[in-house]
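Listed below are the residues making up each chain.
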Amino acid sequence: MSDGITPKTIFDDSPRHDPGGAVKVYFRSIAAIIWKDLSMELRSRELLSAMLVFALLAILIFNFAMELDVKIRSTVTAGVLWSTFAFAGTLGLNRSMAIEKDRGCLDGLLLAPVDRSAIFFGKAVGNLVFMILVEMIVLPVYSVLYNVNLFHWGFLLILFLGSLGYTAVGTLLASMAIHTRTRDVLLPILLFPVVIPVLMAAVKASNGFLQGLAMIEIMPWINILIVYDVIFTALAFVVFDFVVEE
Amino acid sequence: MIEVRHLVKRFGVKTVFKGLDFHVQSGEFVVILGPNGAGKTTFLRILASLSRPTSGEVRIYGYAIPGQTSAIRRRLGVVSHQPLLYDNLSALENLHFYGNMYGVPNLESRVKEVLELVGLYQRRRDLVRTFSRGMQQRLAIGRAVLHDPQVMLFDEPHTGLDQEASLMLDAILREVAARGRTVVMTSHDLTRAAELASRIDVLSKGMIVASVPREDIEPDQLAGFYRQAISETSS
């Protein structure tokens, strides 16, 4: 085995760092983490299948449990959907970070010479993609089960903004919870109190669009969502380094 | 090169290091010996900027931990107990991923070089989960040398390796030393320490309790030297 090792191939003293600059490496790292998470999920389907089965079962249970008439259905739709996405989302967030922790891969990420916020953004965007994929599958099923039309541009915008805020906070808190032995239990306990504003705003704004309210009544909730997304994304950018370090 | 002064590290009420001093010159190959629980892994994690010192000064190439860790990590290669590889990616994909994270230029050719170096080029498209422990550790070494680091940290790298993989690792370690790279390696293996090191330190109870240049000690004296260093701190 050692015969195949020539000094020239391991350490040839040529530059080993891209001269393109830190910004280029930063964005390339984010893209690499997203690509890695999507590739692994494409093979294992562990995360998506867990989230999806949970979400579909949840809306099915709601369907049988609430025996809703047509009028009430439209008023509870947003609440049922956001409750379902929030609970299913914790499964995805936990699994996404557990993949990094279980084989020590989080250390591999932290050893990379890139600002650690790139790791946060890579993981958060990956989690957002998974959450949106689940939502895109659940919505048609919900539409058929409840006979409600959900394909309204405003509602889809709220889904995106709400999911963005949820995954930003969720990725940050999952990074904290991952260091504990009770991570599966701890994440929802940490996460749900913090995401109450985003869930409340998302439910109210979604209801507004689904019931055809005027934009002036919906805009305050959209503003809350946007402000929440900006604040928590910025907060995660600042504190992620401290959260993941021992 | 590596300067550690008055390092203190606490986990809650437990103090691991109470003022540890440690210095490594450029090109040295330092093996740190010590019993289980002495703090070897914690010490390497601090040098790798994976764990924040409670107090004290840690500098590598003049860059401080914490504060200038990106500059340090660019110069570090780390091999630990765990391979830090993704089971559901192939060997090729793992190295591409880490190459992108390190901003390695000419990545295609460098990945090919490294896979040939660690003897896994034929298995490059196989998922890591199908690899034996030895093959995973070889790929982990490939990951660690991908960006051609100037300082390498090895945390008991021979753990769980078969004879062939251990010999390959020894060959790489010798080459790293021959190329003037600085190495800090923790180990329980006195024989390997005697073969590879230019200096042998003993870490016990959070302190470097003994340090000897390799040329000042015969291989058959090493076990006695180690036992004496440990017993002095135990008493």
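Just so it is clear, the model here is predicted, and its values are computed rather than measured. (Residues numbered from 1 in each chain as written. Chains lettered and ligands numbered in written order. Predicted model: local features only at pLDDT ≥ 70, side-chain atom pairs only at ≥ 80, totals over all residues. Heavy atoms only, no water.)

1. What to know about the packing of helix α6 (residues 117-146) of chain A against helix α9 (residues 215-244) of chain A
Residue and element names in this part refer to chain A. Applicable threshold: In this description, a line fitted to the C-alpha atoms serves as the axis of each element, helices being fitted only across the stretch in contact, and the angle between N-to-C directions of two axes falls anywhere from 0 to 180 degrees. The way it works is that DSSP assigns letters per residue, a run of H or I at least four long becomes a helix, a run of E at least two long becomes a strand, and they are numbered from the N terminus. Here roughly perpendicular refers to angles of 65 to 115 degrees, roughly parallel to angles under 35, roughly antiparallel to angles over 145, and oblique to all remaining angles. The crossing is said to be left-handed when, going from far helix to near helix, the turn is anticlockwise and less than a right angle, and right-handed when the turn is clockwise. It only takes one pair of heavy atoms within 4.5 Å for two residues to be counted as in contact. Each residue receives one of three labels: charged for Asp, Glu, Lys and Arg, nonpolar for Ala, Val, Leu, Ile, Met, Phe, Trp, Tyr, Cys and Pro, and polar for the others, Gly being one of them.
α9 packs onto α6 with a crossing angle of 135 degrees between their chain directions and a minimal axis gap of 8 Å. Taken as axis vectors, α6 and α9 run oblique relative to one another. Relative to α9, the crossing made by α6 is right-handed. Only Thr233, Ala236, Phe237 and Phe240 of α9 make contact with α6, whose side of the interface consists of Ser117, Ile119, Phe120 and Phe121. Classifying every residue of the contact of α6 with α9 by side-chain character gives six nonpolar, two polar and no charged.

2. Remarks on the interface of chain B and chain A
Operational definition: Here's the idea: put two parts together, see how much 1.4 Å probe accessible area each one loses, and the total over both is what we call buried area. Take a side-chain nitrogen of Lys or Arg and a carboxyl oxygen of Asp or Glu: if they are within 4 Å of each other, that pair is a salt bridge.
On the chain A side, the residues contacting the 51 residues of chain B number 46 residues. The contact between chain B and chain A buries some 4800 Å² in all, and 58% of this surface belongs to carbon and sulfur atoms. It is Leu50, Tyr86 and Met101 of chain B that lose the most area in chain B upon contact with chain A, and together they represent 15% of the buried surface on that side. If you look at where chain B meets chain A, you find two salt bridges. A salt bridge links Asp107 of chain A to Arg45 of chain B, with the nearest nitrogen and oxygen atoms 2.7 Å apart.

3. Some words on a nonpolar patch on the surface
The condition is simple: Excluding any residue in a salt bridge, patches collect residues exceeding 30% relative accessible area, merging like charges within 9 Å and nonpolar Val, Leu, Ile, Met, Phe, Trp and Tyr side chains within 5 Å. Areas reported here follow the Shrake-Rupley algorithm with a probe of radius 1.4 Å; residue values treat only the protein chains shown as occluding.
On the surface, a cluster of nonpolar side chains totalling about 500 Å² of accessible area is made up of Val53, Leu57, Leu60, Ile61 and Phe64 of chain A. By secondary structure assignment, the location of Leu60 of chain A is in helix α3 (residues 46-66).

4. Describing the side chain of Ser90 of chain B
Along the chain, Ser90 of chain B turns up in the loop between β6 (76-79) and α3 (91-102). Not counting the four nearest positions on each side in its chain, Ser90 of chain B is found in contact with Arg43 of chain A together with Arg124, Arg125, Asp126, Leu127 and Val128 of chain B.

5. Concerning the confidence of the model for chain B
The cut-off we apply is this: Each residue carries a pLDDT score, the predictor's confidence in it, ranging from 0 to 100.
Mean pLDDT for chain B: 88, with 99% of residues reaching 70 or above. Within chain B, the element-level pLDDT minimum falls on helix α8 (residues 222-234) of chain B, averaging 79, and the maximum on α3 of chain B, averaging 94.

6. Quick notes on the nonpolar core
Spelled out, the test is: Nine residue types can take part in a nonpolar core, namely buried Ala, Val, Leu, Ile, Met, Phe, Trp, Tyr and Cys, and a core is a set of them joined through side-chain atoms within 4.5 Å. Partly exposed describes any residue whose relative accessible area lies between the buried limit of under 20% and the exposed limit of over 50%, with all areas from a 1.4 Å probe on protein chains only and scaled to the type maximum. The domain boundaries here were taken from an automatic or database domain assignment.
Residues Ile2 and Phe22 of chain B are the most contacted members of the largest nonpolar core, which totals 153 residues. The residues that make up this core include at least three from each of domain 1 (2-75 + 151-234) and domain 2 (83-148) of chain B.

7. Details of the sheet that holds strand β9 (residues 199-204) of chain B
Residues and elements named next belong to chain B. In plain terms, the rule: Paired strands, as defined in this entry, are two strands with at least two bridges between them according to DSSP.
Spatially, β6-β7-β8-β3-β9-β10 is the arrangement adopted by the six strands of the open sheet, whose pairing is mixed. Each edge of the sheet is formed by a strand with only one pairing partner; in this case those strands are β6 and β10 (207-213). Each strand axis lies, on average, 15 degrees off the axis of its neighbour in the sheet, ignoring direction. Of the pairings in the sheet, the one linking β9 to β10 comprises six bridges and is antiparallel in character. When the bridges of β10 are listed, Ser204 appears paired with Met207. Sheet contacts for helix α1 (residues 40-47): β3 (29-33), β6, β7 (151-155), β8 (182-187) and β9; angle to β7, the most-contacted strand, approximately 155 degrees.

8. A short note on the domain arrangement of chain B
Residue and element names in this part refer to chain B. Looking at the assigned domains, one finds that chain B contains domain 1 (2-75 + 151-234) and domain 2 (83-148). Relative to domain 2, the C-alpha centre of domain 1 lies at a distance of 25 Å. Counting residues at the interface gives 13 residues for domain 1 and 11 residues for domain 2. Summing both sides of the interface, domain 1 and domain 2 together bury roughly 970 Å²; the carbon and sulfur share of this comes to 65%. Of all residues in domain 1, Met152, Met168 and Ile172 bury the most surface against domain 2, accounting for 36% of the area lost on that side. When the shortest N-O distance is used, the salt bridge between Arg181 and Asp148 registers 3.1 Å.

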